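# Structural description and commentary
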Amino acid sequence: METQSTAKTEAAAARFRVAVFADFVCPYSFLAVEQIDRLAGEYGVKPMWRPHWLHPDTPPEGCARERTPEADAKAERRNAWLKEMAPDQYARMHYPEKRQFSFLAFEALEFACDHGRDFAFKTAVYDLMWTEGHDIGEPETLMAAGERVGLDPAEMQIALHERLYAARALAAVNQARDIGITSTPTIFLGKTRINGWTYYEVMQQVMEKQGMHPREALAS
Amino acid sequence: MQQTYIVDSANAPWKRGSTEGITFACQVLLSGEDGGPEALRFRFDDSPSVYGHMHLTSQFQLLLNGAMDFPRGVKHLEALAIHYTDHNMPYGPFAVSGGHDMLVLHPKAGGIIAMSNLDARRQIHLGGRIFAALAADSAWQPLPGVPDGSFKLLMPPDYGPAAVIVKAPAHASLAMPAAEFGRYEVVLAGSVIMEGKPIAAPGFRYVRGEQPADPLVTAEHGATVAFLSFDRDVLAGGITGEGLAVEAAEAMARAI
């Protein structure tokens, strides 16, 4: 009986839709990565990570950040907010000197998706960019992320060089726009849409209100 | 029961205070200790980050001067602006700058809870509303029945809570419907006669009841008045004397 019940719970978790629309270059999306990874572990759900392209005007080589008193004040505010919102993650973060090009990473995400490794891949990409100071506009960074999660870097290199996933990545970006995504991250937990970063405890409440409970609680 | 409170903010005493390292000057205009409304005026010293927090009751913030910046939603507010939240609806962190001056208006005592409190995060109102708008973004419209009068809506008409700014010449009578859930009527410019006494900016009246209150009447040089009406969210939350509410009340008492 217990095995049957566990199987039912796992089936419900597999059906429960969790989707996150985000851009790798968004610091608030980086804060959401750890939360969504935790959610997947605790509730047994299988989140989808989808692209929302914040800055389509960024060239492939990236662009220098503005250095004006206003831009500096804005950066000071943003850093203070990130520290307040997620002090542990903030301590590990290195804010990039330039705005990076994210579309190539979206293509790599599609490649990882075809190999069933997209969820782990996105975490590796965020880590490389936000905690290790790498440029995600560079194919080498994406190949390194892929290698960390068991993807073949040589195969990914070909896919990126040949732009095999460009059309699919663009379609995904357009899909996000078509469904009215304007905040990054935008998080769908079942029937609930959350615009922007929120507290993990809010996600827990949203899950539980829709009948989803942590696996640990069910086991006890 | 009809409730009416009149406050002459311009002549209320100021004191210095701080909360979690954030410093400010503050006026306690209505304490809420009698079960009625709670109104405070804050002038935060410039800060890049006032910590994320929530109150246990509905709230209008009326930004009278300076600016507030938020990471989400309406990201930049400059006076004159409003910021509304339902009970247990967190907001911030946010930055304050430029000679910040703000009225914090509650229908009842609401306390304050920092969002670093993990237990509090589990009591966030999931369906809670949050709304912000700059007055400069709304257009003036002619005010029916008052020649040379005008008004602007700061919130969508069917939103629930309502925010309207009315500008009227001298001796105009500003009649409003009954305020079932409570309404702050804040003088923004000029002066208004309240119970025979002229009240200048940013003085106000708070009314609540099933019958319409006596209309405000503008004084000799006319006035601009913000009417900030609550809806049924005021019936929820509050300082109940249990759990989180005790903590919220104590934190507010420490801060002011």
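Residue indices begin from 1 for each chain and proceed along its sequence in written order. Written order determines the labels here, with chains lettered from A and ligands numbered from 1. Thresholds applied to this predicted model are a pLDDT of at least 70 for local features of residues and 80 or more for the giving and counting of side-chain atom pairs; totals over whole chains, interfaces and linings are not thresholded and use all residues. Computation of side-chain values covers all heavy atoms of the structure but excludes hydrogens and water.

Helical segments are the DSSP runs of H or I of at least four residues, strand segments are the runs of E of at least two, and each set is numbered from the N terminus. On a plain count of helices and strands, chain B comes out with two helices and 20 strands. The globule rule used here is 2.2 Å times the number of residues to the 0.38 power, and the radius of gyration it is set against is calculated over C-alpha atoms. A compact globule built from 256 residues would reach a C-alpha radius of gyration of about 18 Å, and chain B, at 17 Å, matches this within 12%. Its C-alpha atoms put chain B at 55 × 40 × 35 Å along the principal axes. For chain B, the proportion of its 256 residues judged to be buried stands at 58%. Contact criterion: two residues are considered in contact whenever any of their non-hydrogen atoms come within 4.5 Å of each other. In chain B, 72% of the contacts between residues at least 6 apart in sequence involve partners at least 24 apart. Carbon and sulfur atoms make up 52% of the accessible area of chain B, which amounts to about 10600 Å² in all. The positive charge centre, built from 18 side chains, and the negative charge centre, built from 26, are 3 Å apart in chain B. With a 1.4 Å probe rolled over the protein chains alone, any residue whose accessible area is under 20% of its type maximum counts as buried; one over 50% counts as exposed, and the rest are partly exposed. The protein chains shown are the only cover counted for residues, whose accessible areas, like all others here, come from Shrake-Rupley with a 1.4 Å probe. In this tally, Asp and Glu contribute negative charge and Lys and Arg positive charge; neither His nor the terminal groups of the chain are included. A charged residue contributes its charge at one atom only: NZ of Lys, CZ of Arg, CG of Asp or CD of Glu.

Looking now at the packing of aromatic side chains. Aromatic contacts are taken between Phe, Tyr and Trp rings whose centres are within 6.5 Å, Trp giving its six-membered ring; a plane angle under 30 degrees counts as stacked, one over 60 as edge-to-face, and the others as tilted. Enumeration over the complete set of coordinates arrives at 24 aromatic pairs over all chains. On the basis of an interplanar angle of 35° and a centroid distance of 5.4 Å, the ring pair of B:Phe70 and B:Phe94 is categorised as tilted. Of this pair, B:Phe70 sits in the loop between strand 7 (59-69) and strand 8 (76-78) while B:Phe94 sits in strand 10 (residues 94-106); the two residues are 24 residues apart in sequence, bridging distant segments of the chain. Accessibility assignment for this pair places B:Phe70 and B:Phe94 in one class, buried. Among the aromatic residues, those joined into a cluster by ring pairs are A:Phe24, A:Trp49, A:Trp53, A:Phe101, A:Phe103, A:Phe106 and A:Tyr126. Comment: the charge-over-ring label is applied if NZ (Lys) or CZ (Arg) is within 6 Å of the ring centre and within 35 degrees of the ring normal. Above the plane of the ring of A:Phe188 lies A:Arg17, whose end atom (NZ or CZ) is 5.6 Å from the centre. The ring of A:Tyr95 carries the charged tip of A:Arg78 above its face, separated from the ring centre by 3.5 Å.

On the side of chain B, 20 residues touch chain A, which itself brings 17 residues to the contact. Summed over both sides, the interface of chain A with chain B buries roughly 1600 Å², with 61% coming from carbon and sulfur. Take a side-chain nitrogen of Lys or Arg and a carboxyl oxygen of Asp or Glu: if they are within 4 Å of each other, that pair is a salt bridge. Scanning the region where chain A abuts chain B turns up three salt bridges. Polar contacts here mean pairs of N or O atoms no more than 3.5 Å apart (in protein, one a potential hydrogen donor and the other a potential acceptor; neighbouring residues in sequence count only if both atoms are side-chain atoms). Remark: the boundary between chain A and chain B carries seven residue pairs in polar contact (both at pLDDT 80 or more). For the side of chain A that touches chain B, the elements supplying multiple residues, two or more each, are helix 3 (69-85) and helix 10 (200-209) of chain A. By residue number, the principal contributor to the side of chain A that touches chain B is helix 10 of chain A, which donates seven residues. Any residue that is not Ala, Val, Leu, Ile, Met, Phe, Trp, Tyr, Cys, Pro, Asp, Glu, Lys or Arg is counted as polar, Gly included; the first ten are nonpolar and the last four charged. In terms of residue class, the side of chain A that touches chain B is built from eight nonpolar, three polar and six charged. Buried area, as used here, totals the accessible surface that two parts lose on assembly, with accessibility defined by a 1.4 Å probe and the loss added over both.

Under the definition given, this model contains 22 salt bridges over all chains. Here A:Lys122 and A:Asp37 are joined by a salt bridge, their closest N and O atoms 2.7 Å apart. A residue pair is termed long-range when its members are at least 10 positions apart, and A:Lys122 in helix 6 (residues 118-130) and A:Asp37 in helix 2 (residues 27-43) qualify at 85 residues. Across the salt bridge formed by B:Asp69 and A:Arg77, the nearest N and O atoms sit 3.8 Å from each other. Remark: A:Arg77 occurs in helix 3 and B:Asp69 occurs in strand 7; the pair is interchain, linking two chains. When its relative accessible area of 7% is taken as the criterion, B:Asp69 is described as buried.

This brings us to helix 7 (residues 139-148) of chain A. All names here are of chain A. Taken as a whole, helix 7 has its buried residues at Thr141, Leu142, Met143, Ala145 and Gly146. Taken together, the buried residues of helix 7 touch helix 5 (103-114), helix 6 and helix 8 (153-161). Gly150, located one to two residues past helix 7, shows a positive phi value of around 90°.

With that out of the way, let us pick up the sheet that holds strand 2 (residues 48-51) of chain A. Residues and elements named next belong to chain A. Spatially, 2-1-5-6 is the arrangement adopted by the four strands of the open sheet, whose pairing is mixed. At either end of the open sheet lies a strand with only one pairing partner, and these are strand 2 and strand 6 (192-195). Taking each pair of neighbouring strands and ignoring which way they run, the sheet shows an average axis angle of 15°. Only when DSSP finds a minimum of two bridges between them are two strands counted as paired. Bridge analysis of strand 1 (residues 18-22) against strand 5 (residues 186-189) gives four bridges, and the strand direction is antiparallel. Looking across to strand 5, one finds that Val20 is bridged to Ile187. All axes are obtained by fitting lines to C-alpha atoms, using only the stretch in contact for helices, and the reported angles, taken between N-to-C directions, cover 0 to 180 degrees. Strands in contact with helix 2 are strand 1, strand 2 and strand 5; relative to strand 2, the strand with the most contacts, it is inclined by about 160°.

Our next topic: unusual backbone geometry. Residue and element names in this part refer to chain B. That bond from Ala79 to Leu80 is cis: its omega, 5°, falls within 30 degrees of zero. Along the polypeptide, Leu80 turns up in the loop between strand 8 and strand 9 (81-85). In this structure, the amide linkage connecting Gly92 to the following residue, Pro93, adopts the cis form with an omega of 5°. Position of Pro93 among the secondary structure elements: in the loop between strand 9 and strand 10. Phi is positive for Asp148, close to 70°, though the residue is something other than glycine.

Once that is clear, we can look at the side chain of A:Gln205. Considering the arrangement of structural elements, one finds A:Gln205 in helix 10. Look past the residues within four positions of A:Gln205 in its chain and what remains in contact with it is B:Arg121, B:Arg122, B:Gln123, B:Ile124 and B:Leu126.

Residue and element names in this part refer to chain A. Looking at the element boundaries, Asn195 is found in strand 6. Asn195 gets classed as partly exposed once you look at its relative accessible area, which sits at 45%. Separated by ten residues in the primary sequence, Asn195 and Pro185 place their C-alpha atoms 6.8 Å from one another. What Asn195 contacts, discounting residues up to four positions off in sequence, is Ser183, Pro185 and Thr186. For Asn195, the side chain forms a polar contact with the side chain of Arg193, separated by 2.9 Å.

Purely geometric stuff here, so don't read any function into it on its own.
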